[in-house]
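Coordinates in review
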Amino acid sequence: MLVGLMGSGKSTVGRLISDALGRPLSDSDPFLRARYGATAAQIAAGHGVAGLHEREAEHVLAELRGEPKVITAAASSVEDPRVRDALRGTLVVWLDAPDAVLTERMRTGDHRPAFPPESVRARREPYFREVADLTFDVSVTTPEEIAAAVLAEMGLPAADHG
Ligand SMILES: Nc1ncnc2c1ncn2[C@@H]1O[C@H](COP(=O)(O)OP(=O)(O)OP(=O)(O)O)[C@@H](O)[C@H]1O
Ligand SMILES: O=C(O)C1=C[C@@H](O)[C@@H](O)[C@H](O)C1
Ligand SMILES: [Mg+2]
């Protein structure tokens, strides 16, 4: 499972790892769209931030129970103690970068509500640290390098892009 603040590259890296493993990818945003017909931003507007975070935690809890897969979790999900408990025994990868880099990368989609990284970092950092087995600074590491390192951690060869 991939965790990290918004724009840290979870979906990008998750796709590479899922392709390499031949396992499904379960990404928070498509999950919300499929189940609720709405983006995270729309759910936050309609149900409040707490309502959004509840739905995002449900995504992780439901998917951890299913078949083996790659899960790209919403940034908020580590705040839920049920999620942190359920993650025991799962390989968890934390993607992070300086706030300025994340702020820039968050601009790449309109599905995201506007939560600046500095407003949530202090609260979430201890949780990311608690659950993470591997951590990457995505300001200096490419998605391909991260995917290769995760596969190596799993004892598998890097994906063949040739
Ligand atoms: N290691 C990287 N180096 C440079 N750019 C990256 C890297 N990883 C992702 N990006 C770019 O950063 C942007 C955000 O990536 P992505 O959508 O995967 O983040 P995310 O963590 O899934 O965001 P969200 O929390 O909103 O779902 C995209 O434009 C992506 O191409
Ligand atoms: O609180 C947050 O940082 C977030 C809440 C939701 O919008 C999520 O969709 C997003 O991943 C981040
Ligand atoms: Mg994403």
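All values derive from a computational prediction rather than experimental measurement.

1. Section: the overall build of the chain
When its secondary structure is counted, the chain shows seven helices and five strands. A principal-axis box enclosing the C-alpha atoms of the chain has dimensions of 45 × 35 × 30 Å. Considering the chain as a whole, with its 162 residues, one finds that 44% of them fall into the buried category. Expressed as a percentage of contacts within the chain between residues at least 6 apart in sequence, the contacts between residues at least 24 apart total 70%. Only carbon and sulfur atoms are counted for the fraction: they give 51% of the accessible area of the chain, which is about 8,100 Å². If the 18 positive side-chain charges of the chain are averaged to one point and the 24 negative ones to another, these points end up 5 Å apart.

2. Quick word on the pattern of salt bridges
Where side chains of opposite charge bring their charged atoms close, a pairing between them can arise. Under the criterion given, the structure shown has 14 salt bridges. The residue Arg15 makes a salt bridge to Asp19 at a minimum N-O spacing of 3.3 Å. Of the two residues, Arg15 and Asp19 are both situated in helix H1 (residues 10-21); the distance of four residues between them amounts to about one turn of the helix. According to the relative accessible area criterion, Asp19 is exposed, its value standing at 52%. Here Asp96 makes a salt bridge to Arg121, at a shortest N to O gap of 2.9 Å. With a gap of 25 residues between them, Asp96 in strand S4 (residues 93-96) and Arg121 in helix H6 (residues 117-131) connect regions that are remote in the sequence. Residue class for Asp96 comes out buried when judged on its relative accessible area of 12%. By relative accessible area, Arg121 is classed as buried at 14%.

3. Quick look at the UniProt feature "binding site: ATP" (unreviewed entry) in the chain
Per the UniProt entry, the sites bearing "binding site: ATP" (unreviewed entry) are Gly7, Ser8, Gly9, Lys10, Ser11, Thr12 and Arg112 in this numbering. Along the chain, the position of Lys10 falls in helix H1. Take Lys10: its relative accessible area is 10%, and that puts it in the buried class. Among residues more than four places away in sequence, those in contact with Lys10 are Leu2, Val3, Gly4, Leu5, Thr72, Ala73, Ala75 and Leu95. Separated by 3.0 Å, the side chain of Lys10 and the backbone oxygen of Gly4 make a polar contact. Relative to the elements of secondary structure, Ser11 occurs in helix H1.

4. Here we look at the packing of helix H5 (residues 99-106) against H6
Orientation of H5 relative to H6, taken along the N-to-C sense of each, is 125 degrees, at an axis distance of 10 Å. Looking at the two axes, H5 sits oblique to H6. For H5 against H6, the interelement crossing comes out right-handed. From H5, Asp99, Leu102, Thr103 and Met106 reach across to H6, where they touch Pro117, Glu118 and Arg121. Here the residues of the contact of H5 with H6 are counted per class, giving three nonpolar, one polar and three charged.

5. Examining the UniProt feature "binding site: Mg(2+)" (unreviewed entry) in the chain
When the UniProt feature table is mapped onto this chain, "binding site: Mg(2+)" (unreviewed entry) is found at Ser11. Classification of Ser11 by relative accessible area gives partly exposed; the value is 38%. When residues no more than four places from it in sequence are discounted, the contact partners of Ser11 are Asp27 and Thr72.

6. Concerning the packing of helix H2 (residues 28-36) against helix H3 (residues 40-65)
Where H2 meets H3, the closest approach of the two axes is 10 Å, and the angle between their N-to-C directions is 110 degrees. Our classification of the angle between H2 and H3 gives roughly perpendicular. Contacts between H2 and H3 involve Ser28, Asp29, Phe31, Leu32 and Tyr36 from the former and Ala40, Ile43, Leu52, Arg55, Glu56, His59 and Glu63 from the latter. Here the residues of the contact of H2 with H3 are counted per class, giving six nonpolar, two polar and four charged.

Rules of the game
Residues numbered from 1 in each chain as written. Chains lettered and ligands numbered in written order. Predicted model: local features only at pLDDT ≥ 70, side-chain atom pairs only at ≥ 80, totals over all residues. Heavy atoms only, no water. Helix = DSSP H or I, 4+ residues; strand = E, 2+ residues; numbered from the N terminus. Buried < 20%, exposed > 50% of the residue type's maximum accessible area, 1.4 Å probe, protein only. Contact = heavy atoms within 4.5 Å. Areas by Shrake-Rupley, 256 points an atom, 1.4 Å probe, with all protein chains shown as cover. Lys, Arg positive; Asp, Glu negative; His and termini not counted. Charge placed at Lys NZ, Arg CZ, Asp CG, Glu CD. Salt bridge = Lys/Arg side-chain N within 4 Å of Asp/Glu carboxyl O. UniProt positions renumbered as here; feature names shortened; annotations may be inferred. Polar contact = N/O pair within 3.5 Å; in protein donor to acceptor, adjacent residues only side chain to side chain. Axes fitted to C-alpha atoms, helices over the stretch in contact; angles between N-to-C directions. Parallel < 35°, antiparallel > 145°, perpendicular 65-115°, else oblique. Left-handed = near helix turned anticlockwise from the far one by under 90°. Nonpolar A, V, L, I, M, F, W, Y, C, P; charged D, E, K, R; others polar.

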